[in-house]
Amino acid sequence: MPTTNKPTTLALEHLQPFLQDRAITPALTAQYNTSATGPWSQTCWTRAAGYLLPQTVAELTQALVKFKHTHARFALRSTGHNPNAGFSSADGSALVLDLSRFREMELTAEGVARVGAGCTWGEVYGWLEARGLEAVGARQVQVGVAGFVLGGGMGAFPNLYGTGADGVRSFQVLLADGRLVNANAHEYPDLYRALKGGGTNFGIVTRVDLETHPLRPIQYTIELYSPDDYMEINKATVAVQMAMEENPKIGLFTNFNDGVVAVGMFYADHHPAASSPSASASVFTPFHDLLPRKSDSFSFNAGLTPTQSTLSTLTHSI
Ligand SMILES: Cc1cc2nc3c(=O)[nH]c(=O)nc-3n(C[C@H](O)[C@H](O)[C@H](O)COP(=O)(O)OP(=O)(O)OC[C@H]3O[C@@H](n4cnc5c(N)ncnc54)[C@H](O)[C@@H]3O)c2cc1C
């Protein structure tokens, strides 16, 4: 049972008439446990004083007003995917403001995707792909749109269209003084610039307007190597990254873990009819040369076979 304090208790009391069963106190045991253990990382199961799930900007504004009046502390969560305790989780001294109900997805006539702050990239990729489109998003489906772009946003093909933050046309933001503003190249341009990778404390982002691009067929593989081969793996990483300077279709991640090094090799092939599997595979030769050395061989895909897929399936594979 979390130890609440006067500000959080007061804020909860004030917000219950607005949010009703979406103001979740420890007394609502089942809902409370669902919210407390929602994040995949158990480091974030810290049991807040309560979990608040507004579903409109008006409700969100009410919550902010009450926090200010009561001096209640709060953490903001869109998906809770960030594993750092205290980022989108709180202990019993504070509340969690959970934006997971902000789920709008709308495509404008100009091809801009307006996406609610509570959406995950898996949801956005699937929705965009049904429309023949994609956007620069995370390499894992459960990552949230809001935290991703606010942190800069490294996609599968960073040299193709830039970072996730580069792809944001506009942020809808609730400011601390209760104003809902759009931050973009024309309105609040300083805020727009700050939000593009500058972090999460400039306001509550309620919606993100994203550039979209025609859906690309892509090729990918993930290979696992022994950490004993770290020198060769580092050299291969440098070689492929040098090639990326010339060829924006290349995507790579090298992920050192306890006992295994995972290397994701991606290729964005724009013209499937003219695709050349051998050309795409050859850019990863420095890694393929390592294959005979890898220990404990296990790969999700056998080499960079010319299997064509999409961002959605790639991100579901990771
Ligand atoms: C398995 C895994 C894979 C990942 N893959 C990638 C990747 O491919 N590329 C990449 O760049 N990053 C990646 N990340 C990192 C990820 O982008 C960050 O953890 C990001 O903070 C997650 O954002 P979220 O909205 O899902 O999470 P949350 O935990 O909900 O929020 C993260 C932070 O953002 C703040 N925040 C959330 N929503 C809002 C909002 N609407 N307004 C203001 N602040 C808000 C929260 O308060 C918190 O501080 C990965 C992380 C993991 C664990």
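Refer to the preceding data block for the structure.
The following paragraphs examine the structure supplied in this document. (Residues numbered from 1 in each chain as written. Predicted model: local features only at pLDDT ≥ 70, side-chain atom pairs only at ≥ 80, totals over all residues.)

## Things to note about unusual backbone geometry
No. 1: Its identity is not glycine, yet Arg 47 carries a phi of approximately 60°, on the positive side.
No. 2: Inspection of the secondary structure assignment puts Arg 47 in the loop between α2 (29-36) and β2 (50-52).
No. 3: At His 71, a position not held by glycine, the phi torsion is positive, near 65°.
No. 4: Within the fold, His 71 resides in the loop between α3 (57-70) and β3 (74-77). (Helix = DSSP H or I, 4+ residues; strand = E, 2+ residues; numbered from the N terminus.)

## So, the site of the ligand
No. 1: Near the ligand you find 28 residues, and of these Ser 78, Asn 82, Ser 88, Gly 144 and Gly 147 are the closest.
No. 2: Contributing elements (two or more residues each) for the shell around the ligand: β3, α5 (145-150) and β10 (204-210).
No. 3: Among the elements that take part in the shell around the ligand, α5 stands out by supplying four residues, more than any other.
No. 4: When grouped by side-chain class, the residues that make up the shell around the ligand number 14 nonpolar, 12 polar and two charged.
No. 5: Two domains each donate at least three residues to the shell around the ligand, and these are domain 1 (6-98) and domain 2 (105-214). (Near = placed C-beta within 6 Å. Nonpolar A, V, L, I, M, F, W, Y, C, P; charged D, E, K, R; others polar. Domains from an automatic or database assignment.)

## Points about the environment of Leu 180
No. 1: Within the secondary structure layout, Leu 180 lies in strand β9 (residues 180-184).
No. 2: Through-space distance from the C-alpha of Leu 180 to that of Ile 204 is 9.2 Å; in sequence the pair is 24 residues apart.
No. 3: Excluding residues within four positions of it along the chain, Leu 180 makes contact with Val 57, Gln 172 and Leu 174. (Contact = placed C-beta atoms within 7 Å.)

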